Amino acid sequence: MAECKVCFRHCNIKEGGLGFCGARTARNGQVEAFNYGRVTGLALDPIEKKPLARFFPGSMILSAGSFGCNLRCPFCQNYDISWSEEAKRYAEKAETVSPEALVSLAEQTRSRGNIGIAFTYNEPLVGYEFVLDTAKLAKDRGLKTVMVTNGTAELWVLEELLPYIDAMNVDLKGFSESYYSDVLGGDLDMVKAFISRAVQLSHVELTTLIVPGENDTEEEMRQLSSWIAGLRNEKGECVGSTVPLHVSRFFPTFMMQDRAATDVALVYKLAEIARERLRFVYTGNC
Ligand code: SF4
């Protein structure tokens, strides 16, 4: 058995077994990334699709994903690679790509507007070793690095990555502990700590998916946007009002088919409320 200390779950993993996220295993008594370099998705995407609105707008980014996730969002749009039965099949057939090969591909696509590599689609933190090795190499070659994440990892993982990650989009999926723990299988305090530190050293944008009946009240958006507005840089200066927030519309999918898509007018209303505190608020999927 070996204990994984990447996220709040602190899984005890049996030799050759898998942690809760399906991405980490134990070999010779040590935890390692089972999904290291195993790519399930690769595409040259507009950077706005990550979403990042204020980081090299108009550019493209080579986006790579693996498999596994440490949350259990019932509405996951990437359930086929995150936490479904299909994700287990992906784990069997995923191609292995080395950091060198991925960086080389990113360089080859510069002529098509590519500025770097985004670690996305599944949760990159559960395979942070591959992100770290690849991002180091990418930075050496003058490429930009982006991580799209749920922010559910201990701060030591973030500290290892921060020197090599230029920008992140982090989900702040709601602002109640019970929504995080009971619906998403997550930990709001861990995400808040992650975001608070990440904004000090990286360009950070946040995404909140508005799910009807779960996190869609004006009061919750006021609390969430006020907390963002209070974020501080390393000098202790308040910089939160310039952190971009993407307020996004839910569509019924995967295991959450019991409700309609979020009313577009409500998404716009909640974005207006966020704008009382934040300068850059965007709506998505509307
Ligand atoms: S990263 Fe995965 S294996 Fe590690 S503690 Fe979290 S869920 Fe468990």
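Just so it is clear, the structure is predicted and the values come from calculations on it, not from any experiment.

If you had to explain the sheet that holds strand 13 (residues 245–249) to someone new, which residues and values would you point to?
With mixed pairing, the eight strands of this open sheet are ordered in space as 6-7-9-10-11-12-13-14. Across the chains shown, the open sheet's two edge strands, defined by having one partner strand only, are strand 6 (41–46) and strand 14 (281–284). The average undirected angle you get between the axes of adjacent strands in this sheet is 20 degrees. Alignment of strand 11 (residues 167–171) against strand 12 (residues 203–210), held across five bridges, turns out to be parallel.

Before we move on, could you go through the packing of helix 8 (residues 218–229) against helix 9 (residues 264–275) and cite the residues and values that matter?
Packing of helix 8 against helix 9 brings their axes to within 9 Å, and their N-to-C directions diverge by 35 degrees. For the pair helix 8 and helix 9, the sense of crossing is right-handed. Judged by residue contacts, Glu-218, Met-221, Arg-222 and Ser-225 of helix 8 engage Lys-269, Leu-270, Ile-273 and Ala-274 from helix 9. Tallied by class, residues from the contact of helix 8 with helix 9 come to four nonpolar, one polar and three charged.

Describe the site of the ligand, and please don't skip the residues or the numbers.
With respect to spatial proximity, 13 residues lie near the ligand, and among them Cys-4, Cys-7, His-10, Cys-11 and Cys-21 are the closest. For the shell around the ligand, the residue count by class is eight nonpolar, three polar and two charged.

Lay out helix 4 (residues 128–140) in plain terms, naming residues and giving numbers.
When the terminal C-alpha atoms of helix 4 are compared, their 18 Å separation across 13 residues agrees well with the 18 Å that a helix rising 1.5 Å per residue should span. Buried residues of helix 4: Tyr-128, Glu-129, Phe-130, Val-131, Leu-132, Thr-134, Ala-135, Leu-137 and Ala-138, and no others. In this fold, the buried residues of helix 4 make contact with strand 3 (24–27), strand 4 (30–33), helix 3 (99–108), strand 9 (114–119), strand 10 (144–149) and helix 5 (155–161). Just downstream of helix 4, Gly-142 is the residue with a positive phi angle, here 80 degrees.

Give a detailed account of the environment of Asn-122, specifying residues and quantitative values.
One can find Asn-122 in the loop between strand 9 and helix 4. Residue class for Asn-122 comes out buried when judged on its relative accessible area of 7%. C-alpha of Asn-122 to C-alpha of Leu-184: the two residues are 62 residues apart in sequence and 15 Å apart in space. Setting aside residues no more than four positions away along its own chain, Asn-122 makes contact with Asn-35, Gly-65, Ser-66, Phe-67, Gly-68, Ile-81 and Val-148.

Cut-offs and rules
- Every residue gets a number counted from 1 within its own chain, in the order that chain's sequence is written.
- A pLDDT threshold of at least 70 governs which residues receive local features in this predicted model, and a stricter bar of 80 or more applies before side-chain atom pairs are shown or counted, although totals over entire chains, interfaces and linings include all residues.
- The side-chain values count all of the structure's non-hydrogen atoms but skip hydrogen atoms and water molecules.
- By this definition, two strands are paired if DSSP reports at least two bridges between them.
- Each helix is a run of DSSP H or I of at least 4 residues and each strand a run of E of at least 2, with the numbering of both proceeding from the N terminus.
- In this analysis, axes come from line fits to C-alpha atoms, helices being fitted only over the stretch in contact, and the angle between any two N-to-C directions falls in the range 0 to 180 degrees.
- Working rule for handedness: look at the near helix, and if it is turned counterclockwise from the far one by less than a right angle, call the crossing left-handed; if clockwise, right-handed.
- The contact definition used throughout considers only heavy atoms, calling two residues in contact when any of these lie within 4.5 Å.
- Only Asp, Glu, Lys and Arg are considered charged in this grouping, and only Ala, Val, Leu, Ile, Met, Phe, Trp, Tyr, Cys and Pro are considered nonpolar; every other residue, Gly among them, is considered polar.
- Nearness is judged by heavy atoms alone; a residue qualifies as near a molecule or strand once a single heavy atom is within 4 Å of it.
- In this analysis, the expected span of each helix is defined as 1.5 Å times one less than the number of residues it contains.
- Categorising residues by exposure relies on relative accessible area from a 1.4 Å probe, with only protein chains included: less than 20% of the type maximum marks a residue as buried, more than 50% marks it as exposed, and the intermediate range marks it as partly exposed.

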